[in-house]
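The chain contents come next:
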Amino acid sequence: MGSDSEAEKSQQKEKERKKMLALAPIAKPLAGKKLSKKTLKLVRKASEHKCLKRGVKEVVKSIRRGHKGLCVIAGNISPIDVITHVPILCEEAEIPYVYVASKEDLATAGATKRPTCCVLVLTKPAKGELPPEEQEKIKADYSQIVSDVPELTSSLF
């Protein structure tokens, strides 16, 4: 019985190691385990409340239109040229961005089966309104993650 849990743990560690090996060299600031978990949880909540833009095309369009939010980018994209312009657009628009380890995890959190390169978590839905309590929950999670992102960025330099 104990060997099963040991086998599962070793498989989990192997999965994590493969994810880290597949990371692109530009995937910085990369969220740690804790921040990654919080970020994916925020993406899931935003997806449920229609406060999410999925995919490079939608994210770029939203940024250019002046929408504000948190940009979450997958770190294991190949070819990397697909997303290299997104962090630059985010910096110009003063939008915080963070990388997570895998596009599959990002897609699962965003409620799609298709792996997703990047998502933009909006502070309010594109259409309609949210109940005030839901808006506050999303805003609280959003502000907590946004406050953690500069700490990651400052540790790079």
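Looking up the chain in an unreviewed UniProt entry gives the name H/ACA ribonucleoprotein complex subunit 2, with the organism given as Hibiscus sabdariffa. Quoted verbatim from the Sequence similarities (unreviewed entry) heading of the UniProt record, the comment on the chain is "Belongs to the eukaryotic ribosomal protein eL8 family." Per its UniProt entry, the chain bears the Subcellular location (unreviewed entry) comment "Nucleus, Nucleolus".

Participant: Is there a simple way to think about unusual backbone geometry in this case?
Facilitator: Backbone geometry follows two general trends: most residues other than glycine have a negative phi, and most peptide bonds adopt the trans configuration. Going from lysine 28 to proline 29, the amide bond is cis rather than trans, its omega being 5°. Structurally, proline 29 can be placed in the loop between α1 (2-21) and α2 (33-48). The omega torsion across serine 78 and proline 79 is 0°, close enough to zero to call that bond cis. Tracing the chain through its elements places proline 79 in the loop between β2 (69-74) and α4 (86-92). One non-glycine residue, glutamate 94, lies in the positive phi region at around 55°. Note that glutamate 94 resides in the loop between α4 and β3 (97-100). The exposure class of glutamate 94 is exposed, given its relative accessible area of 68%. Phi is positive for alanine 111, close to 65°, though the residue is something other than glycine. You can see alanine 111 is positioned in the loop between α5 (103-109) and β4 (118-122). For alanine 111, a relative accessible area of 59% gives the class exposed.

Participant: What is the right way to look at the UniProt feature "domain: Ribosomal protein eL8/eL30/eS12/Gadd45" (unreviewed entry) in the chain in this model?
Facilitator: What UniProt calls "domain: Ribosomal protein eL8/eL30/eS12/Gadd45" (unreviewed entry) maps, in this numbering, to residues 38-124. Taken end to end, residues 38-124 is 39% helix and 21% strand, and its first and last C-alpha atoms sit 19 Å apart.

Participant: How should I be thinking about the pattern of salt bridges in this particular structure?
Facilitator: One side chain can pair with another of opposite charge once the charged atoms of both are near each other. According to the stated counting rule, one finds 2 salt bridges in the structure shown. Among the salt bridges present, the one from lysine 38 reaches aspartate 148, with a minimum N-O distance of 4.0 Å. Residue lysine 38 is found in helix α2, and its partner aspartate 148 is found in helix α6 (residues 132-156); the two are separated by 110 residues along the sequence. Residues aspartate 141 and lysine 45 are paired through a salt bridge, measuring 2.6 Å at the closest nitrogen-oxygen approach. Placement of the pair is aspartate 141 in helix α6 and lysine 45 in helix α2, with a sequence separation of 96 residues.

Reading guide: rules and limits
- Numbers given to residues run from 1 along each chain, matching the order in which its sequence is written.
- Residues qualify for local features only when their pLDDT is at least 70, as the model is predicted, and side-chain atom pairs are given and counted only at 80 or more; totals for whole chains, interfaces and linings, by contrast, use all residues.
- Only hydrogens and water are set aside; all other atoms, that is, all heavy atoms of the structure, feed into the side-chain values.
- UniProt positions are given in the numbering used here, feature names are shortened, and annotations may be inferred rather than shown by experiment.
- Secondary structure elements are taken from DSSP: a helix is a run of H or I of four residues or more, a strand is a run of E of two residues or more, and numbering for both begins at the N terminus.
- Buried residues are those whose accessible area, probed at 1.4 Å on protein chains only, stays under 20% of the maximum for their type, while exposed residues exceed 50% and partly exposed ones sit between those limits.
- What counts as a salt bridge is simple: a side-chain nitrogen of Lys or Arg found within 4 Å of a carboxyl oxygen of Asp or Glu.

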